Amino acid sequence: MTSASGTPSPTATPTRSRTAGFDRSAHSLDDPTSIWVIVNKRRPLQPADYVPPDLVTPEVPHTNLPQLRKVASDALVEMFEDAKEEDGITLYSLSAYRSYATQKSIFDRNTRELGSAKTLELTAEPGYSEHQTGLADDLGDGTSCDLEVCFESHPAAKWLLANSWRFGWILRYPLGYTAITGIQTEPWHFRYIGVPAATAMHESGVKTLEQFFDLPPAPTY
């Protein structure tokens with residue numbers, strides 16, 4: 001749903017009619033070990049200090065040594081290989097799994113440097129971060145636009161936007177959906193939900209997990 005100004009409405013649009021053949025009962029949205037777990041400003045991880053049970057290190061180009069859940073890691077490796085083989089694009093993992101303690105350190109540092117209001121727009125509170133699930137990774141191309149909005153215009157970002165769903169990954173915080181996700185646009189933040197869900201989401205045209213699973217918007221804590 002879009003407002004007169006062109007900004008997506010914060011009301012989550014039901015998508016069941018557009019994904020009639022998709023089994024929404026296949027995985028939990030609440031269990032932190034589920035590949036569909038939804039984490040946002042109104043849905044913290046339970047327990048808050050959850051640690052994924054099967055973290056591995058994907059062998060991909062990176063700036064910080066990545067860890068991901070095994071299923072997400074395997075899909076990431078395949079996606080990186082295809083990007084390179086199909087279009088000559090070298091992708092980089094910039095920041096994958098973060099523990100509760102690491103997220104707290106980042107949040108506290110940003111609060112000191114940017115102030116509370118700006119930090120809440122840009123950084124998840126500890127216990128509310130997708131990175132803690134082991135199913136999210138910040139991706140880039142090794143340039144100065146890594147972790148910057150300008151990455152959106154790069155061939156790597158465009159390739160990811162067009163192809164990541166084929167490997168079970170989706171862009172989690174697209175431009176114009178802050179009123180739903182609670183996070184400003186991050187063209188680098190990708191989330192693994194598995195190929196069936198990512199395919200259904202791609203085919204439905206829905207841009208956020210909140211809308212896809214008919215969950216309420218989460219603009220604030």
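All figures in this text were calculated on a predicted structure; none of them were measured in a lab. (Residues numbered from 1 in each chain as written. Predicted model: local features only at pLDDT ≥ 70, side-chain atom pairs only at ≥ 80, totals over all residues. Heavy atoms only, no water.)

Participant: Even after reading the chapter, I still don't get the overall build of the protein, so can you show me in this structure?
Facilitator: Looking only at helices and strands, the protein features seven helices and six strands. Relative to a compact globule of 221 residues, whose C-alpha radius of gyration would be 17 Å, the protein shows 16 Å and is just as compact. Projected onto the principal axes, the alpha-carbon positions of the protein cover approximately 45 × 40 × 35 Å. Residues counted as buried form 52% of the 221 residues belonging to the protein. Long-range contacts, defined as pairs at least 24 residues apart, comprise 65% of the intrachain contacts of the protein with a sequence gap of at least 6. If you sum the accessible surface of the protein, you get close to 10100 Å²; carbon and sulfur atoms cover 54% of it. Looking at the protein, you have 19 positive and 28 negative side-chain charges, and the mean spots of the two groups are 6 Å apart. (Helix = DSSP H or I, 4+ residues; strand = E, 2+ residues; numbered from the N terminus. Rg over C-alpha atoms; globule rule 2.2 N^0.38 Å. Buried < 20%, exposed > 50% of the residue type's maximum accessible area, 1.4 Å probe, protein only. Contact = heavy atoms within 4.5 Å. Areas by Shrake-Rupley, 256 points an atom, 1.4 Å probe, with all protein chains shown as cover. Lys, Arg positive; Asp, Glu negative; His and termini not counted. Charge placed at Lys NZ, Arg CZ, Asp CG, Glu CD.)

Participant: I tried to follow the packing of aromatic side chains on my own but got confused; where do I start?
Facilitator: The geometry of an aromatic ring pair is captured by the separation of the ring centres together with the interplanar angle, meaning the angle of the planes. Taken as a whole, this structure holds seven aromatic pairs when the rule is applied. Measuring from ring centre to ring centre gives 5.3 Å for Trp 36 and Phe 213, while their planes differ by 45°; the resulting arrangement is tilted. In this pair, Trp 36 is assigned in the segment before β1 (55–56) and Phe 213 in the segment after α7 (209–212), connecting sequence segments 177 residues apart. Residue Trp 36 shares its accessibility class with Phe 213, and that shared class is buried. Both rings, one in Tyr 128 and one in Tyr 221, keep their centres 4.9 Å apart while their planes meet at 85°; by these two values the pair is edge-to-face. With Tyr 128 in the loop between α3 (116–122) and β4 (136–140) and Tyr 221 in the segment after α7, this residue pair connects regions lying 93 residues apart in the sequence. (Phe/Tyr/Trp six-rings, centres within 6.5 Å; stacked < 30°, edge-to-face > 60°.)

Participant: Mind showing me how you'd approach the side chain of Ser 73 here?
Facilitator: Inspection of the secondary structure puts Ser 73 in helix α1 (residues 70–87). Ser 73 has contacts with Val 56, Thr 57, Pro 58 and Leu 68, leaving out every residue within four places of it along the chain.

Participant: What am I meant to see in unusual backbone geometry here?
Facilitator: The residue after Gln 46, namely Pro 47, is reached through a cis peptide bond having omega 5°. Relative to the assigned elements, Pro 47 resides in the segment before β1. Phi at Leu 147 takes a positive value of approximately 65°, unusual for a residue other than glycine. Relative to the elements of secondary structure, Leu 147 occurs in the loop between β4 and α4 (155–163). The backbone of Asp 214 shows a phi angle near 55°, a positive value even though the residue is not glycine. Mapping Asp 214 onto the fold places it in the segment after α7. Taking the relative accessible area as the measure of exposure, Asp 214 reaches 26% and is therefore partly exposed.

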